[in-house]
Amino acid sequence: MSDAALSGASLASAPLANARVALVGNPNSGKTALFNALTGSRQKVANYAGVTVERKEGQVATPHGRSLSVIDLPGTYSLRARSPDEVVTRDAVLGRLAGETPPDVLVCVADATNLRLVLRLILELKAVGRPMVLALNMYDIAQRQGLRIDLDGLAREIGCPIVTTVATRKRGIEDLVAQVEALIEAGGLNGDNTWREPDAGQIRDAHREAQRILKAHVRAPERPDTFTGKVDGVLLHPVAGLAILLTLLFVMFQAVFTWSKAAGDLMTEGFTAVGVFVAAHLPPGMLTSFLTDGVISGVGSVIVFLPQILVLFFFIILLEDFGYMARAAFLMDRIMGGAGLHGRAFIPLLSSFACAIPGIMATRVIDNKRDRLTTIMVAPLMTCSARIPVYTLIISAFIPNRSVLGVLNLPGLVMFGLYAAGILSALGVSFITRRLFWRGAVEPFLMELPAYKLPDPVNVLRSLYIRGKIFITRAGTIIFPMMILVWFLSSFPGAPAGATDPAINYSFAGQIGHFLAPALAPIGFNWQMTVALIPGFAAREVAVAALGTVYAIGNADASPGALATTLQHHWSIATGLAFLAWYVFAPQCASTIGVVKRETNSWLWPAVMLVYMTGLAYLAALIVYQVAKASGLG
Amino acid sequence: MIADPTNAEAAQTADAAVRLSVARPGDKGVIVDVRAESHAGDHGVDVSELQRRLLEFGFVEGARIEVLHEGAIWRDPIAVRLDDMRIGLRRRDAEDVWVLLDAK
Ligand SMILES: Nc1nc2c(ncn2[C@@H]2O[C@H](COP(=O)(O)OP(=O)(O)OP(=O)(O)O)[C@@H](O)[C@H]2O)c(=O)[nH]1
Ligand SMILES: [Mg+2]
């Protein structure tokens, strides 16, 4: 190609000043890692198929002064889209979205160590008639394995330039941009789109062609990866594998409680000290009350759970980067299937431990509508990280910190029990749904088990930082405004002259709480809890913050202290346990409801979710409270 | 062992080809046929769709395959190595993949 001549031409005459570039390829080939390296974004990267489920756009400036808009897409084995995430990819590549043209250049991202399937995809992509660059990613691994690829021959054979990249180390990025730009400048390469859905015979032919190309230009690795096989021998062992999975989950939930105790306590003391300091140095009045009761006791009571959140995510990120998620799905497949869940439901449900929203989004990898809907409906039952503040608070207030059997710790055990309750209820609800409403065939389920990769410490830290930031941002954007509201409602109107009860009893919040309290009396909730539950529908942690504020305002004379201690004085054990049971089920998260609406495109399903989860929550709390009271814990 | 009602049928196919759905860990061989014939209606998608999905995943005639692992409950699902890839799949979806096993 007469590159120099072309790039020497004046830019004004160049075909496109700005261009759109789409990243396509098999799942888990490193498209998102490449996208992040190109655009400086921080989209989620992890070692399993199906991480990206929606399109993401970012910008990159080229040396010749263009601005490329790069689109990251969900991975796929074929343009013959079956699940909603694959539809996104197909529509983007074919330019089927309303008001959108096909991308100007396709970048096919391939895992250099696993070329067979992507070669077939490339043959499909070529029919789309767009200029294409092949990015041979994970080239570091290919080199480590001694894989020999005849780059020139391969490029000639498939008819498009090849760039080798190491996305996670940002290697080969300039080359890639240069090649894309060269294609744009060459212009006029666009052919007609002749892509049609291939039938079985055509897929076979394409495979044969791919096999031929592979044989001619790629030599088998000299040092193939034996690590994955050895590790799988243990982790996928029918007995040992399951035992390890259970142990892992157990250690994870114990650790959430125990590892972060010291750091959490330190932060609680810190906030208490700040509260005392503010109370001592500002004149008593509305502003001081707002700062100490609303901001410090409210928002602060949630922020102290940052260490717990970070411990949980530390585990999740390690497992995701190592490549364990697909193995866990493999081990659990029969159990999930027994409950009527699709095999691909596992990873969305596991992601829901972090937060139900990405979990619900991740159900896009499920092709069957009913399977997908069932998974969406049970995903919020998985214990999300927003429940951690609630659980931890109540556990530390009401569960004695004893060790059990020498090694286990009772609060950690209760924490594990709550997680288990969430998992079992998700399985139970899906089982009943499938039995009562949606009997029917089981969809096929094929899943790639990726090669294990040792997590990169820098990446782990970066991901942790992002999670921590999200948590703090939530405290600032959701919890803080809610606390202003709660503080306001709890402070106004003030007590009438000569009132004997605490002022909060006369406030709006007090009135609302007292009004609704009878409905929640059978489950042991007092009016302060009622006040906390209502804003708690915005987000689960808000209830903790609201309790902080309500009790802080209510005990005007008491010095600010840890919320757990306050609750010990005001609640019976039965009430505390009922509150935990409530939170296993309660649908207290507006964003989840919103995302269910968006993903199902109807208000029916969020409404069903709201009703069934609230019903379960009330029932569970009722049973727990009444049983606990009857056992003398009232 | 898993009962295999299809042995007679298998014998006719190729000398000793078996359905992948009855293979056990350690079995290896070459895929000789990927069909579209298992009981329709049972898979949630029709058999030719299942066949295309298998083909797209690389279950294609001529590919080398080895069964690596199986699940604890009813020996299901199975994990196979298919050329350079590792794939997990359920036995019921593997019925139409016929494998000519290497002599042991
Ligand atoms: N060693 C190495 N690892 C890489 C490279 N590129 C990506 N990875 C790792 O490969 C895994 C998959 O990367 P992703 O970027 O999430 O893959 P993806 O193609 O976006 O995957 P989907 O969104 O699921 O389709 C992650 O664990 C990455 O850290 C690379 O060049 N070298
Ligand atoms: Mg991705």
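Residues numbered from 1 in each chain as written. Chains lettered and ligands numbered in written order. Predicted model: local features only at pLDDT ≥ 70, side-chain atom pairs only at ≥ 80, totals over all residues. Heavy atoms only, no water.

**Considerations on the coordination of the magnesium ion (ligand 2)**
Residues and elements named next belong to chain A.
Then step 1. With distances of 1.9 to 2.0 Å, the protein atoms coordinating the magnesium ion (ligand 2) are Thr32 (OG1) and Thr52 (OG1). Of this pair, Thr32 sits in helix α2 (residues 31-39) while Thr52 sits in the loop between α2 and β2 (56-61); the two residues are 20 residues apart in sequence, bridging distant segments of the chain. We note that Thr32, like Thr52, is buried. (Donors = N, O, S within 2.8 Å, 3.2 Å for Na, K, Ca; no water. Helix = DSSP H or I, 4+ residues; strand = E, 2+ residues; numbered from the N terminus. Buried < 20%, exposed > 50% of the residue type's maximum accessible area, 1.4 Å probe, protein only.)

**Considering the site of ligand 1**
Residues and elements named next belong to chain A.
Then step 1. Near ligand 1 you find 24 residues, and of these Lys31, Thr32, Ala33, Gly50 and Thr52 are the closest.
Then step 2. With respect to ligand 1, the side chain of Asn137 contributes an N or O atom lying 3.0 Å from a nitrogen atom.
Then step 3. Contact with the protein chains removes 94% of the 660 Å² of surface that ligand 1 exposes when unbound.
Then step 4. If you list the elements that add at least two residues to the shell around ligand 1, you get α2 and α5 (139-144).
Then step 5. It is α2 that contributes the most residues to the shell around ligand 1, three residues altogether.
Then step 6. Tallied by class, the residues present in the shell around ligand 1 amount to eleven nonpolar, ten polar and three charged. (Near = heavy atom within 4 Å. Polar contact = N/O pair within 3.5 Å; in protein donor to acceptor, adjacent residues only side chain to side chain. Areas by Shrake-Rupley, 256 points an atom, 1.4 Å probe, with all protein chains shown as cover. Nonpolar A, V, L, I, M, F, W, Y, C, P; charged D, E, K, R; others polar.)

**Here we look at the nonpolar core**
Residue and element names in this part refer to chain A.
Then step 1. Formed by 135 residues in total, the largest nonpolar core has its most connected members in Met483, Phe525, Leu567, Trp571, Phe579 and Trp582.
Then step 2. If one sorts the elements of this core by residue count, helix α13 (residues 306-322) sits on top with ten residues.
Then step 3. Residues in contact with Leu567, not counting those within four places in the same chain, are Leu393, Ile394, Ala397, Phe398 and Tyr551.
Then step 4. Ranked by size, the runner-up nonpolar core spans 38 residues in total, among them Cys108, Leu125, Leu147 and Ile158. (Core = buried A, V, L, I, M, F, W, Y, C linked by side-chain atoms within 4.5 Å. Contact = heavy atoms within 4.5 Å.)

**What to know about helix α19 (residues 410-436) of chain A**
Then step 1. Its 27 residues place the ends of α19 of chain A 38 Å apart at the C-alpha level, agreeing with the 39 Å of an ideal helix rising 1.5 Å per residue.
Then step 2. For α19 of chain A, the side-chain oxygen to backbone nitrogen distance between the N-cap and Gly412 of chain A is 2.7 Å, and the N-cap itself is Asn409 of chain A. (Expected span 1.5 Å × (residues − 1).)

**With respect to the pattern of salt bridges**
Then step 1. Following the criterion strictly, the structure yields 39 salt bridges over all chains and no others.
Then step 2. In this structure, the salt-bridge partner of Asp91 of chain A is Arg90 of chain A, at a minimum N-O distance of 3.2 Å.
Then step 3. Under the relative-accessibility criterion, Arg90 of chain A is labelled buried at 19%.
Then step 4. Where Arg52 of chain B meets Glu197 of chain A, a salt bridge forms, and the shortest distance between an N and an O atom there is 3.3 Å. Within this pair, whereas Arg52 of chain B is found in helix α2 (residues 47-56), its partner Glu197 of chain A is found in the loop between α7 (173-186) and α8 (200-217), the two belonging to separate chains.
Then step 5. Arg52 of chain B sits in the buried class, given a relative accessible area of 16%. (Salt bridge = Lys/Arg side-chain N within 4 Å of Asp/Glu carboxyl O.)

**Quick look at the sheet that holds strand β1 (residues 18-24) of chain A**
Strand pairing within a sheet occurs via backbone hydrogen bonds; the two strands may be parallel or antiparallel.
Residue and element names in this part refer to chain A.
Then step 1. The six strands are arranged β2-β3-β1-β4-β5-β7 in an open sheet whose pairing can be described as mixed. Edge positions in the sheet fall to β2 and β7 (162-164), since each has one partner strand and no second. Averaged over all adjacent pairs, the angle separating strand axes in this sheet is 25 degrees, with direction ignored.
Then step 2. One ladder, built from six bridges, connects β2 with strand β3 (residues 67-72); its direction is antiparallel. Pairing of Gly58 across the sheet is with Val70, part of β3.
Then step 3. Most of the contacts of helix α4 (residues 116-126) go to strand β4 (residues 105-111), to which it runs at about 170 degrees, and overall it touches β1, β4 and β5 (132-137).
Then step 4. Contacts from α7 reach β1, β3, β4, β5 and β7 within the one sheet, and its direction differs from that of β5 by about 170 degrees. (Pairing = 2+ DSSP bridges. Axes fitted to C-alpha atoms, helices over the stretch in contact; angles between N-to-C directions.)

**Quick look at the sheet that holds strand β3 (residues 64-70) of chain B**
Then step 1. Read from one edge to the other, the open sheet built from seven strands follows the order β11(A)-β5(B)-β4(B)-β3(B)-β2(B)-β6(B)-β1(B), with strand pairing classed as antiparallel. Strand pairing shows two members of the sheet lacking a second neighbour, β11 (446-448) of chain A together with β1 (17-19) of chain B, which therefore form its edges. When the angles between neighbouring strand axes are averaged without regard to direction, this sheet yields 40 degrees.
Then step 2. With three bridges joining them, β1 of chain B and strand β6 (residues 97-101) of chain B adopt antiparallel strand pairing.

**Quick notes on the pairing of strand β4 (residues 78-82) of chain B**
Residue and element names in this part refer to chain B.
Then step 1. Counting buried positions along β4 gives four out of five residues, so the element sits mostly inside the fold.
Then step 2. In the sheet, β3 pairs with β4 via five bridges, with the strands oriented antiparallel. When the bridges of β4 are listed, Glu66 appears paired with Arg81.
Then step 3. Sheet topology places β4 next to strand β5 (residues 85-89); five bridges connect them, and they run antiparallel. The partner of Leu82 across the bridge, within β5, is Met85.
Then step 4. If you look at the hairpin formed by β4 and β5, you'll find two residues sitting between the two strands, and Asp83 has a positive phi there, around 50 degrees.

**Some thoughts on the confidence of the model for chain B**
Then step 1. Mean pLDDT for chain B: 82, with 79% of residues reaching 70 or above.
Then step 2. Reported confidence for the predicted complex is 0.85 by ipTM and 0.86 by pTM. (pLDDT = per-residue confidence, 0-100.)

**Observations regarding a nonpolar patch on the surface**
All names here are of chain A.
Then step 1. There is a patch of nonpolar side chains on the surface, built from Phe488, Phe508, Ile512, Phe515, Leu516 and Ile534 and spanning about 570 Å² of accessible area.
Then step 2. On the secondary structure map, Ile534 appears in the loop between α22 (527-533) and α23 (540-554).
Then step 3. The class for Ile534 is partly exposed, based on a relative accessible area of 42%. (Patch = residues over 30% accessible without salt bridge, like charges linked within 9 Å, V, L, I, M, F, W, Y side chains within 5 Å.)

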